[in-house]
Amino acid sequence: MNSITDILDLEDSDIHVSNIQVEGTQKLITLEYKLTSHFCPSCGFRMHSRGIKTRSIRHPILQDGYELILLLRQRRWRCTNPDCRYETNDSFRFVDRSRRTTNASDMLIIFAFRNLNESAASIARRFNTSDTHALDVFDRYVKMDRLPLSDIISIDEVFTDMDRDCKYALVIQDFYTGDPIDLLRSRRSRVTEPYFAAIPPEERNKVKYLLSDMYNPYLSFVDKYFPNAVSVVDSFHVVQWIIHSIDMYIRQLEKNFRKRDREREEKISAEQGRSVSLPVSDELYICSENTAGSSCQTAITSSTIRIFAWIRTFIVL
Ligand SMILES: [Zn+2]
């Protein structure tokens, strides 16, 4: 435990550990510089020590489950030259002057974001910080420049847990390469509006086609931001919509025929004064493909899919 570099993977060999204390789940490690002669960076005179101030800094939880608190003993120095009187404090490279956590915490937070199952909130809990801070750290270090827009772009959403009031992030893709042009943390207009408006008009004007699903705000992007583009709903969503409509139609037909057949049965039974059971009508047979119970819907869906598999081949983007 002599080398702070070994413990924290931090670079500063002049620092030594002067005390280690364990209090519950906290490990308190006192760090200070070895006492050496100091010379004024301004005039070169010797500096003298004017006392020590202890600063408490948090470091993310150690592997053994302990929370690490670093107690930094910082010496204040003043130049002995009466005409200079330059003052300075010991500074530790692994922590900024105004921060209460080590710089290594930031790197560990960013590393945690690599796990797609983690949310800002869960990372924040683990590092004893707020989710706003965790997101700020990410934004501070991770710079992901937007790719230029191509003349065909596609827009879709992906489920994330990045934004409190919107669980869907917006993905903008280059249609030709499939590369993500950018990822917006929310598909809400308060995020998308300033974003698209900030893209230079010359670049937006080059977009000719905007592919999306049938979500209305996406369709309206063309009118709002891409004056030379045509909105295109991709074939997958069109086919999905057609299949759904046909399914609904067939189910309604089936219901009508069932009702008609039941009424016919009741009428004949009343006329003959006994309970008459008619065979399944041709119409009902076709609608339900003569399948009983739960497999009925599956049969309808699979037949409509077969029908529309070939329709799809005629839909050209
Ligand atoms: Zn000086």
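Every value quoted in this text rests on a predicted model; they were computed, and no experiment measured them.

Criteria and cut-off values
- Residues numbered from 1 in each chain as written.
- Predicted model: local features only at pLDDT ≥ 70, side-chain atom pairs only at ≥ 80, totals over all residues.
- Heavy atoms only, no water.
- Buried < 20%, exposed > 50% of the residue type's maximum accessible area, 1.4 Å probe, protein only.
- Helix = DSSP H or I, 4+ residues; strand = E, 2+ residues; numbered from the N terminus.
- Pairing = 2+ DSSP bridges.
- Polar contact = N/O pair within 3.5 Å; in protein donor to acceptor, adjacent residues only side chain to side chain.
- Donors = N, O, S within 2.8 Å, 3.2 Å for Na, K, Ca; no water.
- Tetrahedral: all angles 85-135°; square planar, octahedral: opposite > 155°, others 65-115°.

1. Focus: the pairing of strand 5 (residues 67-79)
Item 1. Of all 13 residues making up strand 5, 10 are buried, and the element is well covered by its neighbours.
Item 2. Relative to strand 5, strand 4 (residues 46-59) is paired through 11 bridges, and the arrangement is antiparallel. Among the inter-strand pairings, Thr-54 is bridged to a residue of strand 5, identified as Arg-73.
Item 3. Strand direction decides the pairing type here: strand 5 and strand 6 (residues 87-89), joined by three bridges, are antiparallel. Bridge assignment links Arg-78 to a residue of strand 6, and that residue is Glu-87.

2. Some thoughts on the side chain of Ser-150
Item 1. The residue Ser-150 is located in the loop between helix 4 (131-141) and strand 7 (152-163) in this model.
Item 2. Among the residues examined, Ser-150 registers a relative accessible area of 12% and is labelled buried.
Item 3. Within the local environment of Ser-150, its side chain forms a polar contact with the backbone oxygen of Ile-152, the two atoms lying 2.8 Å apart.
Item 4. A polar contact of 3.2 Å, which involves the side chain of Ser-150, links it to the side chain of Asp-174.

3. Quick look at the coordination of the zinc ion
Item 1. All of the protein donors around the zinc ion are Cys-40 (SG), Cys-43 (SG), Cys-79 (SG) and Cys-84 (SG); their distances to the metal are 2.2 to 2.4 Å.
Item 2. For the zinc ion, the four donor atoms are set out with angles of 96 to 115° between them, so the coordination reads as tetrahedral.
Item 3. Mapped onto the sequence, the residues coordinating the zinc ion show the spacing C-x2-C-x35-C-x4-C. With a gap of 36 residues between them, Cys-43 in the loop between strand 3 (38-39) and strand 4 and Cys-79 in strand 5 connect regions that are remote in the sequence.
Item 4. Judged by relative accessible area, which is 0%, Cys-79 ranks as buried.

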